[in-house]
Amino acid sequence: MAKPSRRQVLSALSAAGGALLAGCTADPDEPNTKSNTPVTTVGGGTSPTESTQSVPESTESTQSVPEFPGDTASDACPPFDDAAQVVCYDAVDPQAMPVVLVPETQTVQLDQPTDFTLRNQSEQWFETNSHGWELYKRVDGDWYYIMPRATPLPAYRLAAGEAHTWTLTVTTGSVSDGAAIDLVQGTESLSADGLGGGHYAFATDGEFEGVSYKEPTVLATSFELQASPLELTPRAAIAEVEWDGETLVARSTRGEAGDDDGRDAYILERIDDPEPDAEEVIVEQVVRDNQLRDAIALSLEYEATRVRLEEFDRDFPLLRVDRTYEFRGDHYRVRTQAGESS
């Protein structure tokens, strides 16, 4: 698996669709909304911000970029290959860093809010994006990008001596209840479901005054989530299942039929011969892609080598894909087929 890159995350679901949401104006305090399209975009940008994150007029900097003492990277955090500097809380003396991301605790419990605070301890502005937090999980030594699926791109300057705090609360129950996983966005309060226990990293990035956004400083910290493993189950939207020869056909209540709409089909086949370009995914990623979640879960539940998921696309269009995945040692080919008009 490719190591995660800060500006272009090579996560297992990235090829399903990508769109930078530059200039988005969604209110970060609005409730989370359902997401049907997995998008793996990351923070950072130069758009104007709201009044609560105003950017002062640009001035010529006469200060040198602060230096970070010692080796600041650690295997406890993702490598972020395209970053100029990675500051992993686990590897540093946080008081000695010009900028650092500090966790309230590195042992996170379910339903217990946990703060992650970005502190600018330098004497310069640090330009960042409060929407631009990221969550990763490490499994068997590899790092996997989990969320957010999309990131607005306003930039603002964190003044010398200032701090910004995100509060993450990990909830449980949506997956086992058959609900779709909420899309999580925000600049302060973050509520996330669909996470199993294990080793995670929370991260953000930015640049000091005078430094190009192409040379970001990444701030990260690891934590252990105390929770049971996440079980893969289909959504409650699966209304009926039947066999058609060797194919398991499942029909979803998602979407609404138009006058001449046929059901689109999401077709998953288990394959014996691994392909070199197969994307390895973990369950925390799978549950954030509604169709992939349903198809793999049904394949496992019914021991089906071929699953055809049918649903109307008027409200929830299927992305047109043709790709392969590896999940827990099994390999799957996925393609979509447009419904026929009547």
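Here's what I pulled together on the structure shown here.

The rules we used
Residues numbered from 1 in each chain as written. Predicted model: local features only at pLDDT ≥ 70, side-chain atom pairs only at ≥ 80, totals over all residues. Heavy atoms only, no water. Helix = DSSP H or I, 4+ residues; strand = E, 2+ residues; numbered from the N terminus. Buried < 20%, exposed > 50% of the residue type's maximum accessible area, 1.4 Å probe, protein only. Disulfide = S-S within 2.5 Å. Polar contact = N/O pair within 3.5 Å; in protein donor to acceptor, adjacent residues only side chain to side chain. Patch = residues over 30% accessible without salt bridge, like charges linked within 9 Å, V, L, I, M, F, W, Y side chains within 5 Å. Areas by Shrake-Rupley, 256 points an atom, 1.4 Å probe, with all protein chains shown as cover. Salt bridge = Lys/Arg side-chain N within 4 Å of Asp/Glu carboxyl O. Pairing = 2+ DSSP bridges. Axes fitted to C-alpha atoms, helices over the stretch in contact; angles between N-to-C directions.

## With respect to unusual backbone geometry
Between Met147 and Pro148 the backbone carries a cis peptide bond, its omega angle lying at 5°. Considering the arrangement of structural elements, one finds Pro148 in the loop between strand 8 (142-147) and strand 9 (156-158). At Asp140, a residue that is not glycine, the phi angle is positive and equals roughly 50°. Relative to the helices and strands, Asp140 resides in the loop between strand 7 (134-139) and strand 8. Under the relative-accessibility criterion, Asp140 is labelled exposed at 77%.

## Some words on the state of the cysteines
Applying the stated rule across the entire model yields 1 disulfide. Disulfide pairing places Cys77 opposite Cys88 at an S-S distance of 2.1 Å. Looking down the S-S bond of the Cys77 and Cys88 bridge, the torsion is 65°, so its handedness is right-handed. Taken together, the residues span a long stretch of sequence, with Cys77 in the loop between strand 1 (33-34) and strand 2 (85-88) and Cys88 in strand 2 at a distance of 11 residues. The same class applies to Cys77 and to Cys88, which are both buried.

## Structural notes on the side chain of Asn129
Its location among the elements puts Asn129 in the loop between strand 6 (126-128) and strand 7. A polar contact of 2.9 Å, which involves the side chain of Asn129, links it to the backbone nitrogen of His131.

## Observations concerning a nonpolar patch on the surface
Residues Val241, Trp243 and Tyr302 make up a contiguous nonpolar surface patch of about 270 Å² in total accessible area. Tracing the sequence through the fold places Tyr302 in helix 2 (residues 290-302). A relative accessible area of 34% means that Tyr302 is categorised as partly exposed.

## Section: the side chain of Thr204
Tracing the chain through its elements places Thr204 in strand 13 (residues 198-208). There is a polar contact of 3.2 Å between the side chain of Thr204 and the backbone oxygen of Gly132.

## Some points on the sheet that holds strand 19 (residues 306-311)
Across the sheet, which stays open at both edges, the 7 strands sit in the order 15-16-19-17-21-20-18 with mixed pairing between neighbours. Each edge of the sheet is formed by a strand with only one pairing partner; in this case those strands are strand 15 (238-244) and strand 18 (279-281). Looking at each pair of strands side by side, their axes are set apart by 25° on average, direction ignored. As judged from the 6 bridges shared by strand 15 and strand 16 (residues 247-252), these two strands associate in the antiparallel manner. Considered in strand 16, the bridge of Asp244 is made with Thr247.

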